[in-house]
Amino acid sequence: MIILLLLLLILSLAAFYDYKKGKIPNYLIVIGAIGGVFRLIILQDVFAIVGYTPGIILPLALFYPVYKIGGIGAGDLKIFSMLGIYFSFLPLCFCIFISMFLAALLSLVKMNYHHSFLERMEYLCLYLKKIITTGRLENYHESDLEKQERERIKVRLAVPILLAVLVTGGII
């Protein structure tokens, strides 16, 4: 129970830093990972970590290309991998799905609020067309967007991740 509270505290702090600073400090992820390893050692044994390795690697394999084009932050990627220590493979997949679903809903709400849905969909189509015609992945963000505009349309994943952990863990 204490480890779960530690995880929720870490994810809450990550959400706070994500919104306030735009970055999730690495020390939070390290503390969370250490807590997860201690949990495995206490509940099972040292070798239990091997069984959780696929859950640690899955987010890296799944989201690294998205990270490379600027679609997800490094902190979010590391948090998903850290969660691989806490959840077995299928619950982790569910947690990732719920996180991305909630982030998509939040994105739709933001686009509706800012009346930018058609503009964003047009840019997405042009971006995908460019990838298909050139065969190269490039950074997704429009180069002429100013920093304020970029921040206005950005969806921070830390809160959807926290909510997904609460759902996956059976807390809500």
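Cut-off values and rules
- Residues numbered from 1 in each chain as written.
- Predicted model: local features only at pLDDT ≥ 70, side-chain atom pairs only at ≥ 80, totals over all residues.
- Heavy atoms only, no water.
- Helix = DSSP H or I, 4+ residues; strand = E, 2+ residues; numbered from the N terminus.
- Rg over C-alpha atoms; globule rule 2.2 N^0.38 Å.
- Buried < 20%, exposed > 50% of the residue type's maximum accessible area, 1.4 Å probe, protein only.
- Contact = heavy atoms within 4.5 Å.
- Areas by Shrake-Rupley, 256 points an atom, 1.4 Å probe, with all protein chains shown as cover.
- Lys, Arg positive; Asp, Glu negative; His and termini not counted.
- Charge placed at Lys NZ, Arg CZ, Asp CG, Glu CD.
- Patch = residues over 30% accessible without salt bridge, like charges linked within 9 Å, V, L, I, M, F, W, Y side chains within 5 Å.
- Salt bridge = Lys/Arg side-chain N within 4 Å of Asp/Glu carboxyl O.
- Phe/Tyr/Trp six-rings, centres within 6.5 Å; stacked < 30°, edge-to-face > 60°.
- Axes fitted to C-alpha atoms, helices over the stretch in contact; angles between N-to-C directions.
- Parallel < 35°, antiparallel > 145°, perpendicular 65-115°, else oblique.
- Nonpolar A, V, L, I, M, F, W, Y, C, P; charged D, E, K, R; others polar.
- Expected span 1.5 Å × (residues − 1).
- Arc of directions from axis to C-beta.
- Core = buried A, V, L, I, M, F, W, Y, C linked by side-chain atoms within 4.5 Å.

Turning next to the overall build of the protein chain. In terms of helices and strands, the protein chain carries 8 helices and 0 strands. A compact globule built from 172 residues should have a C-alpha radius of gyration of about 16 Å, and the protein chain, at 17 Å, falls within 12% of that. In terms of principal-axis extent, the alpha carbons of the protein chain reach across some 50 × 35 × 25 Å. Out of the 172 residues in the protein chain, the part that is buried amounts to 35%. Restricting to contacts in the protein chain with at least 6 residues of sequence separation, those with at least 24 account for 67%. Of the roughly 10500 Å² of accessible surface on the protein chain, a fraction of 70% belongs to carbon and sulfur atoms. In the protein chain, 16 side chains carry a positive charge and 11 a negative one; their mean positions are 5 Å apart.

With that out of the way, let us pick up a nonpolar patch on the surface. Taken together, Val 30, Ile 34, Phe 38, Ile 41, Ile 42, Leu 43, Val 46 and Phe 47 make up a surface patch of nonpolar side chains, about 840 Å² in accessible area. Secondary-structure assignment places Ile 41 in helix 2 (residues 26-43).

Within the secondary structure layout, Met 121 lies in helix 6 (residues 117-134). Sequence separation between Met 121 and Met 111 is 10 residues; the distance between their C-alpha atoms is 10.0 Å.

Here the focus is the environment of Asp 45. Inspection of the secondary structure assignment puts Asp 45 in the loop between helix 2 and helix 3 (48-68). Judged by its relative accessible area of 39%, Asp 45 is partly exposed. The spatial distance from the C-alpha of Asp 45 to the C-alpha of Ala 158 is 30 Å, given a sequence separation of 113 residues.

Attention now goes to the packing of aromatic side chains. Tallying each qualifying case throughout the model produces 4 aromatic pairs. Measuring from ring centre to ring centre gives 5.6 Å for Phe 16 and Tyr 17, while their planes differ by 75°; the resulting arrangement is edge-to-face.

Attention now moves to the pattern of salt bridges. All told, the structure shown has 3 salt bridges when counted by the stated rule. A salt bridge links Glu 138 to Lys 130, with the nearest nitrogen and oxygen atoms 3.0 Å apart. Given the relative accessible area of 41%, Lys 130 is considered partly exposed. Taken together, the shared-partner salt bridges in this structure form one network comprising Lys 130, Arg 136 and Glu 138.

What follows covers the packing of helix 1 (residues 2-21) against helix 4 (residues 74-86). One can describe the packing of helix 1 onto helix 4 by two numbers: an axis separation of 12 Å at closest approach and a directional angle of 175°. Here helix 4 runs roughly antiparallel to helix 1, going by the angle between their axes. Judged by residue contacts, Ile 3, Leu 7, Leu 11, Ala 14 and Asp 18 of helix 1 engage Asp 76, Ile 79, Met 82, Leu 83 and Tyr 86 from helix 4. Classifying every residue of the contact of helix 1 with helix 4 gives 8 nonpolar, no polar and 2 charged.

What follows concerns helix 2. Between its first and last C-alpha, helix 2 extends 26 Å over 18 residues, near the 26 Å set by a 1.5 Å rise per residue. The complete set of buried residues in helix 2 reads Leu 28, Ile 29, Gly 32, Gly 35, Gly 36, Arg 39 and Leu 40. All buried residues of helix 2 fall inside an arc of 140° around its axis, so they share one side. Elements that come into contact with the buried residues of helix 2 comprise helix 1, helix 3 and helix 4.

Counting residues in hydrophobic clusters, the biggest one holds 35 residues, and the most contacted among them are Leu 11, Ile 79, Phe 80, Met 82, Leu 83, Ile 161 and Val 165. Secondary-structure elements contributing two or more residues to this core are helix 1, helix 2, helix 3, helix 4, helix 5 (89-113) and helix 8 (158-168). Take this core: its biggest share by element is 7 residues, from helix 4. Setting aside residues no more than four positions away along its own chain, Leu 83 makes contact with Leu 7, Leu 11, Leu 92, Cys 95, Ile 161 and Val 165.

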